[in-house]
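If you want the building blocks of each chain, they are given just below.
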Amino acid sequence: MIHIDPVAIHPVLGGYWHRTQLPGIPEPGQTLVMLCGARGVAAFEALARRCDRGAPHRCTECDARYRRAIGMPPSPFVRPHR
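Keep in mind it's a predicted model, so treat the numbers as computed, not measured.

Topic: helix α2 (residues 60-70)
Within α2 the residues assigned to the buried category are T60, C62, D63 and R67. For α2, the angular spread of the buried residues around the axis is 155°, confining them to a single face. Opposite its buried face, α2 presents the exposed residues R68 and A69, each directed more than 90 degrees away. Close packing links the buried residues of α2 with β5 (57-58). Immediately downstream of α2, the backbone of G71 shows phi near 80°, a positive value.

Okay, here's the thing in structure tokens:
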């Protein structure tokens with residue numbers, strides 16, 4: 001059995017990894033709403049295919065909202081992407 005923590009899943013959309021609130025592992029084709037408000041459709045790809053696009057960057061809006069929600073201070077390394 002493999003255990004996957006939905007909190008540890010960071011969807012990648014437009015070259016940025018986001019945070020979202022997932023009750024479980026998303027189904028392929030399921031629409032996901034990120035903390036920043038962006039929407040995307042769940043899909044799963046092999047690592048080699050994902051690596052062809054380069055390393056994703058974090059979504060600073062998702063990160064800021066997540067940190068506020070759990071009482072963490074803002075990140076000192078903020079690089080806006082919008």
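Digging into the environment of A42
Looking at the secondary structure, you find A42 in the loop between β4 (39-41) and α1 (47-51). Taking the relative accessible area as the measure of exposure, A42 reaches 8% and is therefore buried. Sequence separation between A42 and G29 is 13 residues, and the spatial gap between their C-alpha atoms is 5.1 Å. Not counting residues up to four positions away in its chain, the partners in contact with A42 are P26, E27, P28, G29, Q30 and L32.

Thoughts on the side chain of R19
Secondary-structure assignment places R19 in the loop between β2 (16-17) and β3 (31-33). Leave out the neighbours within four places in its chain, and R19 touches V7, H10, M34, L35, C62, D63 and Y66.

Points about the sheet that holds strand β1 (residues 12-13)
One open sheet accounts for three strands, arranged β1-β2-β5; its pairing is mixed. The open sheet has two free edges, formed respectively by β1 and β5, since each of these has just one partner strand. Strand direction decides the pairing type here: β1 and β2, joined by two bridges, are antiparallel. By the bridge assignment, L13 is partnered in β2 with Y16.

Here's the deal with the layout of surface pockets
Quantified by volume, the second largest pocket comes out at close to 200 Å³. Taken together, P6, V7, I9, R19, T20, Q21, L22, L35, R65, Y66, A69 and I70 form the lining of the second largest pocket.

Notes on a nonpolar patch on the surface
Together, I2, I4, I25 and F44 line one region of the surface with nonpolar side chains, adding up to about 470 Å² of accessible area. Mapping F44 onto the fold places it in the loop between β4 and α1. The exposure class of F44 is exposed, given its relative accessible area of 55%.

Calculation rules
Residues numbered from 1 in each chain as written. Predicted model: local features only at pLDDT ≥ 70, side-chain atom pairs only at ≥ 80, totals over all residues. Heavy atoms only, no water. Buried < 20%, exposed > 50% of the residue type's maximum accessible area, 1.4 Å probe, protein only. Helix = DSSP H or I, 4+ residues; strand = E, 2+ residues; numbered from the N terminus. Arc of directions from axis to C-beta. Contact = heavy atoms within 4.5 Å. Pairing = 2+ DSSP bridges. 1 Å grid on protein atoms, 1.4 Å probe; cavity = no way out; pocket = protein on both sides within 12 Å on 5 of 7 lines; lining within 4 Å. Points joined across faces, edges and corners; volume = space filled by probe spheres on them. Patch = residues over 30% accessible without salt bridge, like charges linked within 9 Å, V, L, I, M, F, W, Y side chains within 5 Å. Areas by Shrake-Rupley, 256 points an atom, 1.4 Å probe, with all protein chains shown as cover. Salt bridge = Lys/Arg side-chain N within 4 Å of Asp/Glu carboxyl O.

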